[in-house]
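Residue-level structure breakdown
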Amino acid sequence: MKLNELKIGQTAVVKQVGGEGSLRQHFLDMGVIPGAEITLVKYAPMGDPLEVMLHGYKLTLRISEAEKITAELTEHKNTGTDKKTHRKKSKHPGLGEGGRFHPKGSGNPLPEGTKLTFALVGNQNCGKTTLFNQLTGANQHVGNFPGVTVDRKDGAIKGYPDTLVTDLPGIYSMSPYSSEEIVSRNFVLNEKPRAIINIVDATNIERNLYLTMQLLEMDVPMVVALNMMDEMTANGGTVDINRLEELLGVPVVPISAAKNQGIDELVEHAIHVAHYQEKPLRQDYCGGKDHGGTVHRCLHAIAHLIEHHAEDAGLPLRFAAGKVIENDSLLLSQLTLEQNEKEMIEHIVLQMEKERGLDRSAAIADMRFSFISRVCSAAVTKPMRSKESIRSEKIDRILTGKWTAIPMFILIMAAVFFLTFNVIGGTMQEWLKAGIDALSGMTDAALTDANVNKVVHGLLTEGIFAGVGSVLSFLPIIVTLFFFLSLLEDSGYIARVAFFMDKLLRKIGLSGRSIVPLLIGFGCTVPAVMSTRTLPSERDRKMTILLTPFMSCTAKLPIYAFFVDAFFPQYKALIMTGLYTLGILVGILVALLFKGTLFKGEAVPFVMELPNYRLPGARNVLQLLWEKAKDFLTKAFTVILIATIVIWLLQSFDWHFNLVENKGDSILAMAAGLLVPVMAPLGLGDWRICTSLISGFMAKESVVSTMEILFGENAGTVLPVAAASSLLVFSLLYTPCVAAIASIRRELGRKWAAGLIVWQCVIAWTAASIVHLICFLAGGT
Amino acid sequence: MNIWDFIIIAAIAAAVVIAVIVIVRNKKRGKGCCGDCSRCSGCTEKTRESLHKRLP
């Protein structure tokens, strides 16, 4: 039977893994190998994709992907738990502690002053960034969905200035599947760190050790940091650390990165192995008697054949041999094998496939998982089903339930917007605005009393106070929205949204994984564009990047709030939600257009791990809020301050630098007047509006500050309703700010970035003119 | 113009100079991601390499 023919709750043993290329390799790396037990947990609300449990963790895949896996029904229930076994106490091998490889105080250390570089490598969502923050004291953002880290980040270990730890994006194996996984593999292969800190999630040890096996083959000094040990022991599991250390041949240190437990011991071991260059004691774990030793003989034969090629290419031999068998094209190109050698290798591999009864990739994956299985049965007592897993299942009954998932999603997002714009953020904004107005009034009175020059007085009150002050008052709304987005992300809900939105997103040519960048886009386009690196296909990446600007970022909030307050105060939340919805709808239309033209073809497979729900850490959330508030304040007092001063000067003087009585004679009016005919059909044929929109290219918040300066106190009331509506729509859809464009240029290149500016402006103009026409016909003036 | 005019103008000029310094410094440090990680030195510490230069 095929995997998708299983009924909910049934368990089957995998017999064959079909498919081809990197997707198949990804299946195998994720533990979907012949012999693995898989239980069908549930289907997504729209019937596709499905969620399965294997090796004690949850994986999602589409029905079309499940069809490629042949399985046989079994009675055995895949609970992921072990019976308690009593084990003898193992002797501590003492690896990485001095004395194991050399007498204490001696050895062959690296010269004093050598920088000790470490690569922090592990599966996605196993706590690498949390550990990185603990090690370095940095404040990198951590989340609870796979793929938060998309680029490498460096920092020195606290108290050890001669060290450099690099936090790498999470990978499941050294056969990279997505572009950010290539960053990690290339770092370890090319930059040759002095040591590797391999972080392993103890609660999901089988799958995590798969990567450990491959890292051991790299022949680089290594320490295994066994993370989430607190969770493991709390649920009745144990790990015989000494035995595990002995079997793996590298130091193993139990830690809890989130609780800062075991970090000092980890640092000591890591620095020791790096300083003394203590390499793993074993790399050869292909059992000589496993299945007649077929894989063992094949690996060693190929290792002999390619020995000098691997040496010339600077590649670890054992790693290279494994990858040659797997037919890894990236590595094969580095080895520069001759035709004769290629043919010999092919013969050896074919013979192995014949004897083993599995194809090459499955045979290697099976060899690794067989070793892991032996290690786990010797050293690991799996926990009872964890509290976190049981809790997640209960929550998922509602949040990803067949009839409840979509309504709950709409309800949650509506609650987020309502609380942000009306209850929490809105109220705090009013308080802050009142404070700023009072301060502005006092300054105005003080300047009048001091008989300050009219120009200086105007610059300060009508320029700086009006411009910067108006932007500052939106700080509470932005911080509140980020607070809720951060809660959704850290709790693990966003990964679920990807799961149940996959089918819908496929209709517009994307995969469920694209929902993550798109939701981040509601916060800021820059990180959203960067987070598309988690998508394994270039087509999906490009398409998602081009759609991200349609998700209205928080920087546009001041514009909406400003006009909605002025024109539609009684429908505040409704209009705000409507604007966000309009952005999404236009995005969908554009996606459908792209799907049929620029990006024909199918979305990438949806093979993703579903993390357990976790309570968001207060420190993590507060840290994110502080970062966002600081960024916003910095922007207000730098870019926006300068922009307001420049705009005030340009609108106060003419070409001969005479102070103008009528602002229509100013430099700004003349320059911006060129755009007036273009914007006139939208009801925005006013040079002041054109100027405001141009300033929005630097930072979206500038639109409001510029309008405050140019229109004065009447800014919110001078426009007719139809023009205000079209301005709102134009602001929603026109070109993203310069930082977002820079980030798009980096990901897609200059041509795409330039094209996007024009494209967004055209769409914005079209949509705004339609809205203007509708409002006009409906009786708005 | 009186003394307050000079004081206010000097204060505004100082604020602009500080703002420019902060913008340039942040651009160099990459504080608050500018998105151009291949040129700037990264969001918090260093991200020296462009991802896509490393792609095969």
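The rules we used
Residues numbered from 1 in each chain as written. Chains lettered and ligands numbered in written order. Predicted model: local features only at pLDDT ≥ 70, side-chain atom pairs only at ≥ 80, totals over all residues. Helix = DSSP H or I, 4+ residues; strand = E, 2+ residues; numbered from the N terminus. Buried ≥ 20, exposed ≤ 12 C-beta atoms within 10 Å, placed from the backbone. Pairing = 2+ DSSP bridges. Axes fitted to C-alpha atoms, helices over the stretch in contact; angles between N-to-C directions. Contact = placed C-beta atoms within 7 Å. Core = buried A, V, L, I, M, F, W, Y, C linked by C-beta atoms within 7 Å. Parallel < 35°, antiparallel > 145°, perpendicular 65-115°, else oblique. Left-handed = near helix turned anticlockwise from the far one by under 90°. Nonpolar A, V, L, I, M, F, W, Y, C, P; charged D, E, K, R; others polar. Domains from an automatic or database assignment.

Focus on the overall build of chain B
Along its length, chain B carries 1 helix and 0 strands. Looking at chain B as a whole, 18% of its 56 residues are labelled buried.

Examining the pairing of strand 4 (residues 57-61) of chain A
Residues and elements named next belong to chain A. Counting buried positions along strand 4 yields 5 of 5 residues, so the element is predominantly enclosed. Neither face of strand 4 is exposed, since Y57, L59 and L61 on one face and K58 and T60 on the opposite face are all buried. By the bridge criterion, 5 bridges tie strand 3 (residues 50-54) to strand 4 in an arrangement that is antiparallel. Looking at the pairing, E51 lines up with T60 of strand 4. With 2 bridges joining them, strand 4 and strand 14 (residues 608-609) adopt antiparallel strand pairing. Within strand 14, the position partnered with L59 by the bridge is E609.

So, the sheet that holds strand 12 (residues 252-254) of chain A
All names here are of chain A. Pairing is mixed in the open sheet, where 6 strands are placed in the order 7-8-6-9-10-12. This sheet does not close on itself; its edge strands, each paired only once, are strand 7 (153-157) and strand 12. Within the sheet, the average angular offset between the axes of one strand and its neighbour, ignoring direction, is 25 degrees. In this fold helix 8 (residues 263-275) packs onto strand 6 (116-122), strand 7, strand 8 (160-167), strand 9 (195-201), strand 10 (222-227) and strand 12, with an angle of close to 165 degrees to the strand it touches most, strand 10.

Here we look at the nonpolar core
Looking at soluble globular proteins, one finds that nonpolar side chains tend to be buried together. Residues and elements named next belong to chain A. If you look at the biggest cluster of nonpolar residues, it comprises 231 residues, and the most contacted ones within it are V223 and A225. Counting residues per element, this core draws most heavily on helix 13 (residues 360-379), which supplies 10 residues. With residues near it in sequence (within four places) discarded, A225 still touches L131, I197, N198, I199, V200, V253, I255 and L266.

So, the packing of helix 15 (residues 405-449) of chain A against helix 17 (residues 475-491) of chain A
All names here are of chain A. Here helix 15 crosses helix 17 at 150 degrees, and the two axes come no closer than 7 Å. Of the possible angle classes, the one that applies to helix 15 and helix 17 is roughly antiparallel. Considering the relative orientation of helix 15 and helix 17, their crossing is right-handed. Touching V416, T420, F421, I424, G425, G426, M428, Q429 and L432 of helix 15 are L475, P476, I477, T480, L481 and F484, all from helix 17. Residue composition of the contact of helix 15 with helix 17, grouped by class: 10 nonpolar, 5 polar and no charged.

Some points on the domain arrangement of chain A
Residue and element names in this part refer to chain A. Split by domain assignment, chain A resolves into domain 1 (3-80), domain 2 (116-275) and domain 3 (290-381). Spacing between the C-alpha centres of domain 1 and domain 3 amounts to 26 Å. Taken together, the contacts link 9 residues of domain 1 with 6 residues of domain 3. With 4 residues, helix 1 (residues 21-29) is the single largest residue contributor to the side of domain 1 that touches domain 3. Classifying every residue of the side of domain 1 that touches domain 3 by side-chain character gives 4 nonpolar, 3 polar and 2 charged.

Observations regarding the sheet that holds strand 3 of chain A
To summarise the sheet geometry, strands pair through backbone hydrogen bonds and adopt either a parallel or an antiparallel arrangement. Taken in spatial order, the 6 strands of this open sheet run 5-1-2-3-4-14 (chain A), and their pairing is antiparallel. The two strands at the open ends of the sheet, each matched to only one other strand, are strand 5 (69-74) and strand 14 of chain A.

Topic: the environment of L585 of chain A
Residues and elements named next belong to chain A. Summarising the element assignment, L585 is placed in helix 23 (residues 572-596). Residue L585 is classed as exposed on the basis of its 12 C-beta neighbours within 10 Å. For the pair formed by L585 and M551, sequence separation is 34 residues and the distance between their alpha carbons is 9.8 Å.

Re unusual backbone geometry
Residue and element names in this part refer to chain A. In this model, D48 is joined to P49 through a cis peptide bond whose omega is 0 degrees. Residue placement: P49 occurs in the loop between strand 2 (37-43) and strand 3. With a phi close to 60 degrees, N260 is a non-glycine residue in the positive phi region. Relative to the helices and strands, N260 resides in the loop between strand 12 and helix 8.

Some points on the pairing of strand 8 of chain A
Residue and element names in this part refer to chain A. Two elements, strand 6 and strand 8, share 5 bridges in a ladder whose sense is parallel. Looking at the pairing, F118 lines up with V165 of strand 8. Relative to strand 8, strand 7 runs antiparallel, the two sharing 4 bridges. Among the inter-strand pairings, I157 is bridged to a residue of strand 8, identified as Y160. Counted along the chain from strand 7 to the antiparallel partner strand 8, the turn is 2 residues long, and its residue G159 has a positive phi close to 85 degrees.

Here's the deal with the packing of helix 28 (residues 687-695) of chain A against helix 29 (residues 702-711) of chain A
Residue and element names in this part refer to chain A. Packing of helix 28 against helix 29 brings their axes to within 7 Å, and their N-to-C directions diverge by 150 degrees. The pairing of helix 28 with helix 29 is recorded here as roughly antiparallel in orientation. The two elements helix 28 and helix 29 cross, and the hand of that crossing is right-handed. The residues of helix 29 that touch helix 28, namely those facing R688, T691, S692, L693 and S695, are S702, V703, T706, M707, L710 and F711.

Some remarks on the environment of I196 of chain A
All names here are of chain A. By secondary structure assignment, the location of I196 is in strand 9. When the C-alpha positions of I196 and I545 are compared, they lie 33 Å apart, and in sequence the two are 349 residues distant. Other than its neighbours up to four places away in sequence, I196 contacts F118, A119, V121, V188, L215, V220 and M222.

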